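Observations on chain architecture
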Amino acid sequence: MAETKTPGFAISDKKHTRSDDFGGDNILSAKKQMLSAASTWDDPAATLAAARHEFGEHGGVNMSIEASATFTVMEPETLSRMFTGELGPDRDFFIYSRHFNPTVLNLSRQMAALEGTEAAYCTSSGMAAISSVLLQLVSSGGHIVASTVLYGGTHALLTHFLPRACNIKTTFVDMSDLESVRNAIVQGRTKVLYFESISNPTLRVANIPELSRIAHEKGVKVVVDNTFAPMVVSPARLGADVVIHSISKFISGGADIIAGAVCGPASLVNSMMDLHQGTLMLLGPTMNPKIAFELSERIPHLSLRMKEHCHRALVFATRMKKLGLKVIYPGLEDHPHHTLLKSFANKEYGYGGLLCVDMETEERANRLMHHLQNSTQFGFMAVSLGYYETLMSCSGSSTSSEMNDEEKAMARISPGLVRMSVGYLGTLEQRWSQLEKAISRMQDSGSFNKY
Ligand SMILES: Cc1ncc(COP(=O)(O)O)c(C=O)c1O
């Protein structure tokens with residue numbers, strides 16, 4: 001990782017606004033006790049509760065939005081001390097909001113607490129987080145080993161954009177074939193091993209501890225996209241170096257914001273902010289502080305939302321399987337990675353909020369989605385995930401359409417694969433009866449085969 005002269009910071013309780021009144025010091029020490037309890041506690045919700053709480057400028061329970069592009073100082077020398085890196089955000093000195101911004105930093109602290117990493121920083125989208133991390137860790141001529149099954153945009157970035165624009169090449173490997181992963185790593189040239197904790201769209205689960213061990217033996221950094229499994233899986237606690245999120249999904253929960261985050265060591269975040277070499281500072285995929293504020297208000301109920309997404313996904317997957325559908329869900333015992341996920345998933349969060357139904361042909365997939373949306377109002381035909389309504393799409397012709405037929409076959413994306421992000425609005429039984437009715441209509445018209 002590049003050395004940095006940028007004003008640095010680490011995640012800590014160093015400063016707590018309003019420590020003078022409201023018994024600030026007691027709050028601080030209570031939080032410190034919680035933090036040490038959280039380190040032995042297997043639940044990201046505990047770590048989140050123990051993270052520093054930022055109060056508003058006038059004592060508000062929520063922090064004030066620092067909606068400033070630039071920041072003033074009392075003395076002229078202070079500016080130059082900030083630019084040499086002597087004074088930084090850890091001491092409440094800010095330069096310009098493309099660099100650190102206090103409100104974005106507050107959300108970033110929450111993201112670091114969620115993932116159990118030393119630091120984090122938020123970006124304008126998930127793709128901004130992915131491209132910025134890869135460009136920070138891999139230089140021209142470098143090599144990446146990545147999973148054959150990835151979100152279509154990431155696949156396109158690795159297959160087309162990075163080789164053309166940056167001379168960075170990727171070898172795609174099935175992450176469940178550990179020997180092939182080991183063989184694909186070219187010591188000295190491979191810089192990153194990249195995969196998704198639970199893959200989009202096929203819901204395969206990566207063996208994060210083993211993959212991290214293999215990569216680290218060869219000096220390779222492990223970058224994991226955890227968009228499908230916030231709270232459910234904690235990749236950094238399992239050995240990954242960097243955790244990426246598309247916050248646009250479960251973490252936002254509202255399908256109204258595009259955002260991302262990079263969670264990892266403070267040295268990485270600082271290098272990405274470096275005034276001479278940092279991808280966040282120089283490519284500028286900056287998050288707006290007003291967006292950061294909105295998102296920071298949603299993180300406290302992420303754990304509740306995830307539990308309900310996951311609970312309903314398990315119930316629906318189990319019942320759909322009983323009806324004879326070909327269901328893919330890591331919570332089902334017949335899923336090839338069920339035991340693996342169970343071994344490292346955080347307790348009480350379940351197995352993820354997405355399930356897939358393989359209708360084998362695109363035509364049958366489309367008919368099922370038509371009934372689910374237009375006949376029984378079970379959910380919406382739309383890409384994306386993590387919304388309170390169920391969203392469904394046929395992956396091969398939508399979010400994975402960047403892949404050619406051979407790549408889709410390698411990724412095991414069937415043309416009739418319907419991906420569902422299970423929502424929690426309404427009662428479970430109300431939603432199940434809508435789902436069941438749509439399946440009955442498919443059965444009546446003879447359009448699905450039982451398994
Ligand atoms: C797994 C995964 N990672 C990253 C992204 C990109 O995120 P964003 O749309 O926020 O740029 C997506 C988008 O669908 C995704 O599904």
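Nothing here was measured: the structure is a model prediction, and the numbers come from that model.

Take the overall build of the chain next. Scanning the chain from terminus to terminus reveals 16 helices and twelve strands. Computed over its C-alpha atoms, the radius of gyration of the chain comes to 23 Å, within 12% of the 22 Å expected for a compact globule of 451 residues. With the principal axes as the frame, the chain shows a C-alpha extent of 80 × 50 × 35 Å. If you take every contact in the chain between residues at least 6 apart in sequence, the share linking residues at least 24 apart comes to 73%.

What follows is about unusual backbone geometry. Along the chain, asparagine 200 connects to proline 201 via a cis peptide bond; the corresponding omega equals 5°. Within the fold, proline 201 resides in the loop between β4 (190–196) and α8 (208–217). Even without a glycine there, the phi angle at glutamate 360 is positive, about 70°. Here glutamate 360 is to be found in the loop between β9 (354–358) and α14 (362–375). Overall, the presence of 14 C-beta atoms within 10 Å leaves glutamate 360 in the partly exposed class.

Before going further, it helps to spend a moment on helix α16 (residues 428–444). Note: α-helices contain 3.6 residues per turn, so residues at a spacing of three or four share the same orientation. Over its 17 residues, α16 extends 24 Å from the first C-alpha to the last, a length consistent with the 24 Å expected when each residue adds 1.5 Å. Taken together, the buried positions of α16 are occupied by Arg431, Leu435, Ala438 and Ile439. For α16, the arc enclosing every buried residue in end-on projection is 95°, short of the 170-degree limit, so these residues lie on one face. For α16, the exposed residues lying more than 90 degrees away from the buried face are Glu429, Gln430 and Asp444. Where α16 is buried, its residues touch α12 (302–322) and α14. Once α16 finishes, glycine 446 follows within two positions and takes phi at roughly 65°, a positive value.

With 128 residues, the main nonpolar core has Cys122, Val262, Leu355 and Val418 as its most contacted residues. If you tally residues by element for this core, the top one is α12, at eight residues. What cysteine 122 contacts, discounting residues up to four positions off in sequence, is Val104, Leu107, Ser108, Met111, Ile247, Ala259, Gly260, Ala261, Met287 and Ala292.

Across the sheet, five strands lie side by side as β8-β9-β12-β11-β10; this open sheet has mixed pairing. Two strands bound the open sheet, and with one partner strand each, they are β8 (327–328) and β10 (380–381). Relative to strand β11 (residues 391–394), β10 runs parallel, the two sharing two bridges. The residue bridging phenylalanine 380 from the neighbouring strand is leucine 391, located in β11. With respect to the sheet, α14 is in contact with β10, β11 and β12 (417–421), its orientation differing from that of β11 by roughly 160°.

Among the five residues of β12, five are classified as buried, and the element is accordingly described as predominantly covered. Where burial is concerned, the two faces of β12 agree: the one with Leu417, Arg419 and Ser421 and the one with Val418 and Met420 are both buried. Both β11 and β12 contribute to a ladder of four bridges, which runs antiparallel. Bridge pairing links serine 393 to arginine 419 in β12.

Another aspect to go through is the UniProt feature "modified residue: N6-(pyridoxal phosphate)lysine" (unreviewed entry) in the chain. This chain's UniProt record puts "modified residue: N6-(pyridoxal phosphate)lysine" (unreviewed entry) on Lys249. Within the element layout of this structure, lysine 249 appears in the loop between β6 (242–246) and β7 (260–264).

With that settled, consider the site of the ligand. Close to the ligand lie 16 residues; Ser125, Gly126, Met127, Tyr151 and Ser246 are nearest. For the shell around the ligand, the secondary-structure elements that each account for two or more residues are α5 (126–137) and α6 (152–166). Of the residues assigned to the shell around the ligand, the class counts are four nonpolar, ten polar and two charged.

With that settled, consider the domain arrangement of the chain. Interfaces are frequently sized by the accessible area removed from exposure as the parts join. Assigned domains of the chain: these are domain 1 (24–297) and domain 2 (301–444). On a C-alpha basis, the centroid separation for the pair domain 1 and domain 2 is 27 Å. Between domain 1 and domain 2, the residue contacts involve 36 residues of the former and 39 residues of the latter. Going through the elements one at a time, α2 (44–50), α6 and α8 are the ones with two or more residues in the side of domain 1 that touches domain 2. At four residues, the largest contribution of residues to the side of domain 1 that touches domain 2 is made by α6. Here the residues of the side of domain 1 that touches domain 2 are counted per class, giving 21 nonpolar, eleven polar and four charged.

So, how was this worked out
- Residues numbered from 1 in each chain as written.
- Predicted model: local features only at pLDDT ≥ 70, side-chain atom pairs only at ≥ 80, totals over all residues.
- Helix = DSSP H or I, 4+ residues; strand = E, 2+ residues; numbered from the N terminus.
- Rg over C-alpha atoms; globule rule 2.2 N^0.38 Å.
- Contact = placed C-beta atoms within 7 Å.
- Buried ≥ 20, exposed ≤ 12 C-beta atoms within 10 Å, placed from the backbone.
- Expected span 1.5 Å × (residues − 1).
- Arc of directions from axis to C-beta.
- Core = buried A, V, L, I, M, F, W, Y, C linked by C-beta atoms within 7 Å.
- Pairing = 2+ DSSP bridges.
- Axes fitted to C-alpha atoms, helices over the stretch in contact; angles between N-to-C directions.
- UniProt positions renumbered as here; feature names shortened; annotations may be inferred.
- Near = placed C-beta within 6 Å.
- Nonpolar A, V, L, I, M, F, W, Y, C, P; charged D, E, K, R; others polar.
- Domains from an automatic or database assignment.

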